[in-house]
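Geometric and topological summary
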Amino acid sequence: MLGLAADRLRADMNRLLAFLFHQGILDEQFLQLQQLQDESSPNFVSEVVNIYFHESEKLLRSLRSLLMDREFSDYNRMGIHLNQFMGSSSSIGANRIRNVCVAFRAASEQNNRAGCLRALEVLEHEYCFLKNKLHELFQIQQQRVLAAGVRYPMQN
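Conventions and cut-offs
Residues numbered from 1 in each chain as written. Predicted model: local features only at pLDDT ≥ 70, side-chain atom pairs only at ≥ 80, totals over all residues. Heavy atoms only, no water. Helix = DSSP H or I, 4+ residues; strand = E, 2+ residues; numbered from the N terminus. Buried < 20%, exposed > 50% of the residue type's maximum accessible area, 1.4 Å probe, protein only. Contact = heavy atoms within 4.5 Å. Salt bridge = Lys/Arg side-chain N within 4 Å of Asp/Glu carboxyl O. Phe/Tyr/Trp six-rings, centres within 6.5 Å; stacked < 30°, edge-to-face > 60°. Axes fitted to C-alpha atoms, helices over the stretch in contact; angles between N-to-C directions. Parallel < 35°, antiparallel > 145°, perpendicular 65-115°, else oblique. Left-handed = near helix turned anticlockwise from the far one by under 90°. Nonpolar A, V, L, I, M, F, W, Y, C, P; charged D, E, K, R; others polar.

Digging into the side chain of Ser89
- Tracing the chain through its elements places Ser89 in helix α4 (residues 75-92).
- A relative accessible area of 0% places Ser89 in the buried class.
- Discounting residues that sit within four places of it in the chain, Ser89 has contacts with Tyr52, Ala94, Ile97 and Arg98.

Next up, the structure:
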């Protein structure tokens, strides 16, 4: 019975990953990150991704703060934040977020405040979507580990 639960959870996890790849939300870098995880560091991917989320939220707050300033004109500083966001997104395989950052940076290079505001909205939406889906993935993964690891003693 427990084996079936673990198999079902593995299938759920694979379906979710297939969806994320098919939609272009994740790319092969995420798979490479997963390959670094082993028995000695079973939570490696979730730990790296949680660091990414923590840092990304700071970057999103900084970007929003810059754009909400009525006298904003420091597009170079915005570009620095976007480069950081792009780099960290690329490192975990967050493909769609990286692509939004590219478009956002193009708007900032043109000093296009309205374009930057639209790009920020898209970026925040994509970020929330990715965060929710990866949390869902990690929950399924934890349930799978628990289902596979539960053993009942044999009765004599």
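What follows picks up the thread again.
Overview of the pattern of salt bridges
- A full pass over the atoms with the stated rule returns 10 salt bridges.
- A salt bridge links Asp7 to Arg10; the nearest nitrogen and oxygen atoms lie 3.4 Å apart. With a gap of 3 residues between them, Asp7 and Arg10 both fall in helix α1 (residues 2-22), about one helical turn apart.
- The exposure class of Arg10 is partly exposed, given its relative accessible area of 37%.

Some points on unusual backbone geometry
- Positive phi, normally seen in glycine, also occurs at Asn111, with a value near 55°.
- Position of Asn111 among the secondary structure elements: in the loop between α5 (95-109) and α6 (113-149).

Comments concerning the packing of aromatic side chains
- Taken as a whole and assessed by the stated rule, the structure comprises 5 aromatic pairs.
- Ring geometry for Phe53 and Tyr127: centres 5.8 Å apart, planes at 85°, overall edge-to-face. In this pair, Phe53 is assigned in helix α3 (residues 44-68) and Tyr127 in helix α6, connecting sequence segments 74 residues apart.
- Given the relative accessible area of 3%, Phe53 is considered buried.
- Connected via pairs of aromatic rings, a cluster forms that spans Tyr52, Phe53, Phe85 and Tyr127.

Notes on the packing of helix α2 (residues 28-35) against α4
- Where α2 contacts α4, the axes come no closer than 6 Å and their chain directions differ by 60°. In this structure, α2 uses Gln29, Phe30 and Leu33 to contact α4, whose residues at the interface are Ser90, Ser91 and Ile92.

Points about the environment of Ser90
- Looking at the secondary structure, you find Ser90 in helix α4.
- Considered as a pair, Ser90 and Asp27 are 63 residues apart in the sequence and their alpha carbons are 8.7 Å apart.
- Once residues within four sequence positions are removed from consideration, Ser90 is found in contact with Gln29 and Arg98.

Observations regarding the packing of α4 against α5
- Running from N to C, α4 and α5 cross one another at 165°; their axes reach a closest spacing of 9 Å. The angle between α4 and α5 places the two elements in the roughly antiparallel class. As for the relative orientation of α4 and α5, their crossing is left-handed in sense. Between α4, through Tyr75, Met78, Leu82, Asn83, Phe85, Met86, Ser89 and Ser90, and α5, the contact on the second element is made entirely by Ile97, Arg98, Cys101, Val102, Phe104, Arg105 and Ser108.
- Here the residues of the contact of α4 with α5 sort into 9 nonpolar, 4 polar and 2 charged.

Just geometry here; none of it tells us what the structure is for.
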